[in-house]
Amino acid sequence: SNTPLYASQPGAGYLANQQVDPGGVEANLLLYSGDVGNAAWTKTSLTVTSNSTTDQYGLTTAALLVAPAANSEHTADQTQPIFSGVNYTYAACIQQGTHKYYQLEVVDASDASSAVSMIIDANAGTVMSSAATGTGVLVSTAMNTTLVGGVWQAVLGFQFNGVDTSDLLDDSGG
């Protein structure tokens, strides 16, 4: 519970560094991925209230993220090491709230000029744009159809060399 999760994968896994990952295993690298209010996440210009809104399963376990009126980036960050040249997936469930636009962004912590990102329209459930800079490689983006309670799942596939920081940014557009 609230530690990295591991699940079997139907095919052969990527066989890099088998002392860490024996292959055939998918790992959730983010700690407390279901609780952005936890101290494992660094919040900037953002108030988080855990267990206060409906999640993708219809349960009241999702966090409410409230950005102040200030025109600035509002972030929840976590830094985790990754393998160079390996595909990773970052997914977040987003529900329409007080803001219309959200940005999923992953930045290489060893080179801040390297990033991958996607901007989401939470009203329409669409990807408005996506980009990669520096050594970031954009593999894929997707918005999965609305889940329970109007929750969208945004998915960002990427690669990097080095360490990454996963950011969920609330772009303060109306």
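Structure's up top.
Residues numbered from 1 in each chain as written. Predicted model: local features only at pLDDT ≥ 70, side-chain atom pairs only at ≥ 80, totals over all residues. Heavy atoms only, no water.

**Q** Please clarify how unusual backbone geometry should be interpreted in this entry.
**A** Among all residues except glycine, the phi angle is most often negative; among peptide bonds, the trans geometry is most common. The backbone of Ser 45 shows a phi angle near 50°, a positive value even though the residue is not glycine. Inspection of the secondary structure puts Ser 45 in the loop between strand 3 (42-44) and strand 4 (47-53). Positive phi outside glycine occurs at Asn 51, with the angle close to 50°. Relative to the assigned elements, Asn 51 resides in strand 4. (Helix = DSSP H or I, 4+ residues; strand = E, 2+ residues; numbered from the N terminus.)

**Q** Help me understand the sheet that holds strand 7 (residues 88-95) in this model?
**A** Strand pairing in a sheet is mediated by backbone hydrogen bonds. Such pairs are either parallel or antiparallel. Sheet architecture is open: 3 strands sit in the order 7-12-11, paired in antiparallel fashion. A strand with exactly one partner marks an edge of an open sheet, and here the two such strands are strand 7 and strand 11 (137-144). Ignoring which end each strand starts from, the neighbouring axes of this sheet average 15° apart. Note that strand 11 and strand 12 (residues 151-159) share 7 bridges and pair antiparallel. Bridge pairing in strand 12 places Val 137 opposite Gln 159. (Pairing = 2+ DSSP bridges. Axes fitted to C-alpha atoms, helices over the stretch in contact; angles between N-to-C directions.)

**Q** Can you help me understand the environment of Glu 73 in this one?
**A** Relative to the assigned elements, Glu 73 resides in the loop between strand 5 (62-66) and strand 6 (74-81). Residue classification places Glu 73 among the exposed positions, given a relative accessible area of 55%. For Glu 73 and Leu 46, which are 27 residues apart along the polypeptide, the C-alpha to C-alpha distance reads 8.9 Å. (Buried < 20%, exposed > 50% of the residue type's maximum accessible area, 1.4 Å probe, protein only.)

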